[in-house]
Structure formats: C-alpha cells, structure tokens
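For reference, the chains in residue letters:
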Amino acid sequence: MDEIITQEMKERFRACFLFNGIPSFSKEAEKELMRDTVFFRRGECVYESDKFKNALGVIILGQVRVTSADEKSRVILRDMSAGETFGAAALFGAGELYVSKICAKSACAVTFISEDTLRALFSAYPEISVNYICFLSSKIRYLNSKIAELSLPSAQARVLEHMRKHAGKDGKLRAGSMSAIAKTLNIGRSSLYRALSSLLEDGYILKNGDEWEIKKENHYES
C-alpha cells in the first residue's frame, strides 16, 4: 500500500466532527495536524489494552474493527469506516489499559491527534472545545441508555428494549449474533433464547427467516 496522504484523505480529516464550523486551515497547519498519520495493513493491531496512543484517532482510509479486550471471550463491538473517530477513552486522565482492541479490517490509515495538540486547538479555537463537549455528551447519552437497558427487571424486557433500539421505522431488524447480543445484555445465551421464545409466544415479536419484527409497542410486563 502506498503511504501517501491523498486529497481525499485530507478531506476526510477535515470532515472530522472537531472541525465543524471551523474555517479551513492553511496547508502548513493542516500538514502539521496530520503529521502523525499511520498506515496499517489488514489485520494489524491499531490499539489494544496495553498498547495505544494517548490520542484521538481519525480514520482517513479503510476500516477498523473494534472488539472487546477480553482474549478469552472476544466479541465484535462494531466496525468503523473512514471519517469516524476512536480513542477518546485514551485521553484526559485515561488509565494504563485501553477499553477495547482495534484492528485494521482492511488496509487503512489513521491520523492521531495527541492530547497536547487537542489542548492547543481548544485554546486557539473555542468552537473545537464545544464540538468535543458535544461529542462526549452524545457518548454519555448512549451510555445512559445502555445502563437503563441493563437495569430492566427481566431478560424479556431487556431483549425487547434492545430490539427496539436497533429496529428500523417499520419495526424490523436483522437477527444478529446471539452470542454478541447475550454479551451486550449481560445474560447467558440460554436466557436469551428463553426470552425470545417468551416474546414470540406473547406476541411481542414475529420471526421471518433471519428477520425479527416488533409487533407490540408497549413495554414487556414481567
């Protein structure tokens, strides 16, 4: 893979949420911001629990895959593409271990913005500080929704709430990995299958091949 930062890659970097509402940087400033750009081969590790940068990573080429850090029960959390970011958990008071493992799903390139660079940007451009706060707030809202989901009293209620969040406007969603769903909801696979069976019997959901459909909008009564 040619390790050349193309114009398209520069445009993806500029499209990062940090720079919303910010006038274009000079070529010299942009070159300085992108100086820590690293190219990865497919399968190469980008971040792992004990090997990571204290930096925000902006994907400017290809895809990465995020998995749980636990080697014994590895779970795919999500895939991320060019234009997306990772690494906020490695900044501003981060611990010695990173929370997940990130590997290159395809040949990719990532521009790393260090904590020191971010501090300098916050001082020079207050709008960037606001953009970063908005980004963190969205993460907090997501985590609050996950806590609420995990606090539901029964496995059936948690499964149904999980399905609602991932269904389209028509109430339909593809059946994903049962192991991944069980891990996300912190329940055993057998409990997950029992919950799905109960939801089917009670008419809350329908199953058609590998597709689920939510039929009742009211909350499950345990």
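Refer to the preceding data block for the structure.
Residues numbered from 1 in each chain as written. Predicted model: local features only at pLDDT ≥ 70, side-chain atom pairs only at ≥ 80, totals over all residues. Heavy atoms only, no water.

Trainee: Looking at this model, I keep getting lost on the pairing of strand β10 (residues 205-208). Mind explaining?
Mentor: Within a regular strand, side chains alternate between the sheet's two faces. Of the strand pairs in this sheet, β10 and strand β11 (residues 211-214) are connected by four bridges, and their pairing is antiparallel. Within β11, the residue paired with I205 across the bridge is I214. Where β10 hands over to β11, the hairpin turn is made up of two residues, of which G209 adopts a positive phi near 65°. (Pairing = 2+ DSSP bridges. Helix = DSSP H or I, 4+ residues; strand = E, 2+ residues; numbered from the N terminus.)

Trainee: I would appreciate a short explanation of the sheet that holds β11 in the present structure.
Mentor: Strand pairing in a sheet takes place through backbone hydrogen bonds and is either antiparallel or parallel in direction. Strand order across the open sheet formed by three strands is β9-β11-β10, with antiparallel pairing between neighbours. The open sheet is flanked by β9 (172-174) and β10, the only strands paired with a single partner. Averaged over all neighbouring strand pairs, the angle between strand axes comes to 25°, with direction disregarded. Note that β9 and β11 share three bridges and pair antiparallel. The residue bridging R174 from the neighbouring strand is E211, located in β11. Packing against the sheet, helix α5 (residues 155-166) makes contact with β9, β10 and β11, and its axis sits at approximately 100° to β11. The strands touched by helix α7 (residues 189-201) are β10 and β11; relative to β10, the strand with the most contacts, the crossing angle is about 105°. (Axes fitted to C-alpha atoms, helices over the stretch in contact; angles between N-to-C directions. Contact = heavy atoms within 4.5 Å.)

Trainee: It is not clear to me how the layout of surface pockets should be interpreted in this structure. Could you clarify?
Mentor: Rolling a probe over the atoms, with the probe sized like a water molecule, indicates the empty space that remains. In this structure, the largest pocket spans a volume of roughly 1500 Å³. Looking at the largest pocket, it is lined by 45 residues, and the ones nearest its centre are V66, L77, R78, K139 and Y142. For the lining of the largest pocket, the element with the most residues is helix α4 (residues 126-150), which contributes seven residues. For the lining of the largest pocket, the per-class residue count stands at 27 nonpolar, 11 polar and seven charged. (1 Å grid on protein atoms, 1.4 Å probe; cavity = no way out; pocket = protein on both sides within 12 Å on 5 of 7 lines; lining within 4 Å. Points joined across faces, edges and corners; volume = space filled by probe spheres on them. Nonpolar A, V, L, I, M, F, W, Y, C, P; charged D, E, K, R; others polar.)

Trainee: What is the right way to read the pattern of salt bridges from this model?
Mentor: Here the idea is simple: oppositely charged side chains can pair when their charged atoms come close. For the structure shown, the criterion picks out 11 salt bridges. Across the pair R12 and E8 runs a salt bridge, and its minimum N-O distance is 2.8 Å. Of this pair, R12 and E8 both sit in helix α1 (residues 7-14), four residues apart, roughly one helical turn. You can call R12 partly exposed: its relative accessible area is 26%. Relative accessible area serves as the criterion here: at 46%, E8 is assigned to the partly exposed category. Between E115 and R119 there is a salt bridge; the shortest N-O distance is 3.1 Å. Placement of the pair is E115 and R119 together in helix α3 (residues 115-124), with a separation of four residues, close to one helical turn. Taking relative accessible area as the criterion, R119 reaches 45% and is therefore assigned partly exposed. (Salt bridge = Lys/Arg side-chain N within 4 Å of Asp/Glu carboxyl O. Buried < 20%, exposed > 50% of the residue type's maximum accessible area, 1.4 Å probe, protein only.)

Trainee: It is not clear to me how the sheet that holds strand β2 (residues 45-47) should be interpreted in this structure. Could you clarify?
Mentor: Reading across from one edge, β2-β7-β4-β5 is the order of the four strands in this open sheet, with antiparallel pairing throughout. Single-partner strands in this sheet number two, and they are β2 and β5 (76-81). Averaged over all pairs of adjacent strands, the angle between strand axes in this sheet comes to 30°, irrespective of strand direction. The sheet contact formed by strand β4 (residues 63-68) and strand β7 (residues 100-104) spans five bridges and is antiparallel. Bridged to V64 within β7 is A104.

In short, geometric facts, not functional conclusions.
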